[in-house]
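# Breakdown of the fold
Residue strings, one per chain:
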Amino acid sequence: MTDWKTRCARRKQSQLDSIPREWLIEAPPANQMNVMQIPRDSALLSIRELEITETVDVEVILQKLASTEWSSVEVTTAFYKRAIIAQQLTNCLTEIFVEKALQRAKELDDILQATGKVSGPLHGLPISLKDQFTMKGLETIMGYVGWIGRYADSDCVLVEILYECGAVPFVRTNVPQTLMWGETYNHVFGRTVNPYNRYLTAGGSSGGEGALLAIKGSPLGVGTDIGGSLRIPSAFCGLYTLRPSYERLPYCGAVNALEGQESISSVLGPMANSMSGVKVFTKAIIDAKPWLKDPLAIRKDWSDKEYGLVYHGGGKRLCFGIMWDNGVVRPHPPLHRAMLITKRALEAAGHIVLDWEPHRHLEIYKNSETIFVADGGEDYRVSCELSGEPLIQSMLPDEGAHETALEEPYVKRLVGPPYHRNTYELWNLHKEKRELRKSHLDHWEATISRTGTGRPIDAIISPAVAYAAVPHGLNTDSFYTTLCNAMDYATSVFPVTFVDATLDHRHPPHEFYNHEDEAIYNLYNSGLFDGCPVGLQLIGRTQEEEAVIAMTEIVDRALRRFEKFHA
């Protein structure tokens, strides 16, 4: 039997061989950390291709495709070339299938020319997919050596619907082994880095999507989220995303880790450089009636009434609660500044902003993380044993790792040593989670006494992560995001600002909540993070995707207006 390292080397070489030679660029110096400008400076992209790929409003791209001002072939080619540049700079891709994608794009162009009609709401749009969404005839490796050579004999439901909507799936993107990491590294394809600073992580587990979209190698991507895997890379890479509630969007047929664990379901969602991309994707998929293809998908049409914020005063005078600190890890100074900016922008736009009071956070954190490891790691072991590859225990690089004082993440102490829990123990965890959800709902409803609007707080604003992108191996905390997975709150992420070393000075020491909080405080160095994106999340209620999208648009407009007048 071929050893696992040889299998990895062969598969990586096969990936390299799939790249058109004429799309290779000269590699930047290893010490060049920020590579965001290289697509523009490389001379590989024409002026028209730069115009196409730097159009971040997905609705504009779709309008130009529908009017035939741009063809799907030229749009797909432009983004493919930029995606290949992104791959050479950040190692963000897994599957590269140029010929298949361009053939699909040409078919759509031919249909539009022959009929004068688009093939659906996403006509001609190239879309990147996380390496979980199976496509007929392609491998889906999902970060495991033992999955090399696993070719799909059918499309997953999401891909079926994307084809029906007229989209062009064109690349698949990198993930970590097991998926259950806030960073992106596996033995097959290697490590994905952040294009804003390659010394730092792009996040995970949808980190390949994060890096690709940040460098504008895709107009719209699809990732997944069980504990923050859409929101962490979006925050680290300056993107917009939506973590929908359980089963609002169709997951059927996609591969996954921890399959069968249904208490905290993984969900799929869009990632983009604009909120228009988030809305266009979500509405298109829901309008396709996914419940007719996925038995778990909720039968709920897109609601223009909810998008119009009918349950939130029509959006005229919203009340937001800001979670300055979750009581587990205190955010770094740039996150605090981003929340201050957002508070001032919303107040300037006529909205109300109150302090959010955390509720039973440690209990929620312990419960959710215990559910994730209830099998004692059996799921990971089974997949690793297929090839003999070792289970990755740390995301720290073998060489050149950033110094850290954190020997063990706080969550491991909170949960305790892993062991395979019996059925009754698991049922009790599920029972506890239901009680915690009810308690948190009551806590939220009680805020009606403070808002002055006659409604409870409309949405919560908080960090998605306690810090901007960190050095590889140091993204250890995920509770700001996991809270929403456990409570099943529809949640978005939106960019606010960038780390500024002249503004974001270290705060005085506080009384640390735990040893990880202290380590994260000591990690902060504004010079290390300078120039990195800073994003926040907007937390809404369960199955409230339309309202979360609308409220995020309101926050985003308020921020841009505030930025314009307070530059």
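Here goes a summary of the coordinates provided. Everything numeric in this text was worked out from a predicted model, so none of it was measured.

## Looking at the sheet that holds strand 8 (residues 220-225)
Adjacent strands of a sheet pair through backbone hydrogen bonds, lying either parallel or antiparallel. Here we have 11 strands laid out as an open sheet, ordered 1-3-2-8-10-9-14-15-13-11-12, and mixed in their pairing. Of all strands in the sheet, those with a lone pairing partner are strand 1 (93-96) and strand 12 (352-355), marking the two edges. For this sheet, the mean angle separating the axes of adjacent strands, direction not counted, is 30°. Where strand 14 (residues 491-498) lies against strand 15 (residues 533-539), seven bridges are found, and the strand directions are antiparallel. Paired with Phe498 across the bridge in strand 15 is Pro533. This element, helix 10 (residues 275-287), spans strand 8, strand 9 (240-243) and strand 10 (267-272) of the sheet and lies at about 140° to strand 10.

## Observations concerning the packing of aromatic side chains
Tallying each qualifying case throughout the model produces 11 aromatic pairs. Each ring, one from Tyr80 and one from Phe170, has its centre 5.2 Å from the other, and the planes form 90°; the classification is edge-to-face. Note that Tyr80 is positioned in helix 5 (residues 72-90) and Phe170 in strand 3 (residues 168-173), a separation of 90 residues in sequence. Considered together, Tyr80 and Phe170 belong to a single accessibility category, that of buried residues. Note on Trp302 and Tyr307: the rings are 6.0 Å apart at their centroids and 40° apart in plane angle, and the pair reads as tilted.

## Details of the side chain of Gln15
The residue Gln15 is located in helix 1 (residues 4-17) in this model. Owing to a relative accessible area of 4%, Gln15 belongs among the buried residues under this scheme. A polar side-chain atom of Gln15 sits 3.4 Å from a polar atom in the side chain of Gln87. If near-sequence neighbours (up to four positions away) are discounted, Gln15 is found in contact with Gln87, Leu93, Thr94, Ile96 and Phe189.

## Let's talk about the pairing of strand 10
The element strand 10 is largely enclosed, with a buried count of six among its six residues. Because side chains alternate across strand 10, one face comprises the buried residues Val267, Gly269 and Met271, and the other comprises Leu268, Pro270 and Ala272, equally buried. Bridge count for strand 8 against strand 10 is six bridges, and the pairing is antiparallel. By the bridge assignment for strand 10, Gly221 is matched with Met271. Judged from the two bridges that link them, strand 9 and strand 10 form a sheet pairing that is antiparallel. Among the inter-strand pairings, Tyr240 is bridged to a residue of strand 10, identified as Ala272.

## Thoughts on helix 14 (residues 378-385)
Within the span of helix 14, buried status applies to Tyr380, Ser383 and Cys384. Taken down its axis, helix 14 places every buried residue within 100° of arc, on the same side.

## What to know about the packing of helix 13 (residues 361-372) against helix 16 (residues 423-445)
Two elements in contact, helix 13 and helix 16, have axes separated by 10 Å at closest approach and are oriented at 145°. In the crossing of helix 13 with helix 16, the sense of the turn from one axis to the other is left-handed. Here helix 13 contributes His361, Glu363, Ile364, Asn367, Thr370 and Ile371 to the contact with helix 16, which in turn contributes Leu429, His430, Glu432, Lys433, Leu436 and His440. A per-class count over the contact of helix 13 with helix 16 returns four nonpolar, five polar and three charged.

## Some points on the nonpolar core
By size, the foremost hydrophobic cluster in this structure holds 169 residues, and its most contacted members are Tyr80, Leu122 and Leu158. Per-element tally for this core: the top contributor is helix 21 (residues 545-565), with 10 residues. In terms of nonpolar packing, the next biggest core, distinct from the first, is built from seven residues, Cys8, Ile141, Val145 and Ile148 among them.

## Some remarks on helix 7 (residues 157-164)
Within helix 7, burial applies to Val157, Leu158, Val159, Ile161 and Leu162. Close packing links the buried residues of helix 7 with helix 6 (98-115), strand 2 (126-130), strand 8, strand 10 and helix 10. Two residues or fewer past helix 7, Gly166 is found with a positive phi of approximately 90°.

## As for the environment of Ala486
By secondary structure assignment, the location of Ala486 is in helix 18 (residues 479-487). Taking relative accessible area as the criterion, Ala486 reaches 1% and is therefore assigned buried. Residues Ala486 and Ile364, spaced 122 residues apart in sequence, show a C-alpha to C-alpha distance of 7.2 Å. For Ala486, the contacting residues outside a window of four places in its chain are Tyr246, Ile264, Ile364, Ser368, Lys433 and Arg437.

Cut-off values and rules
Residues numbered from 1 in each chain as written. Predicted model: local features only at pLDDT ≥ 70, side-chain atom pairs only at ≥ 80, totals over all residues. Heavy atoms only, no water. Pairing = 2+ DSSP bridges. Helix = DSSP H or I, 4+ residues; strand = E, 2+ residues; numbered from the N terminus. Axes fitted to C-alpha atoms, helices over the stretch in contact; angles between N-to-C directions. Contact = heavy atoms within 4.5 Å. Phe/Tyr/Trp six-rings, centres within 6.5 Å; stacked < 30°, edge-to-face > 60°. Buried < 20%, exposed > 50% of the residue type's maximum accessible area, 1.4 Å probe, protein only. Polar contact = N/O pair within 3.5 Å; in protein donor to acceptor, adjacent residues only side chain to side chain. Arc of directions from axis to C-beta. Left-handed = near helix turned anticlockwise from the far one by under 90°. Nonpolar A, V, L, I, M, F, W, Y, C, P; charged D, E, K, R; others polar. Core = buried A, V, L, I, M, F, W, Y, C linked by side-chain atoms within 4.5 Å.

These results come straight from atomic positions and should not be treated as a statement about function.
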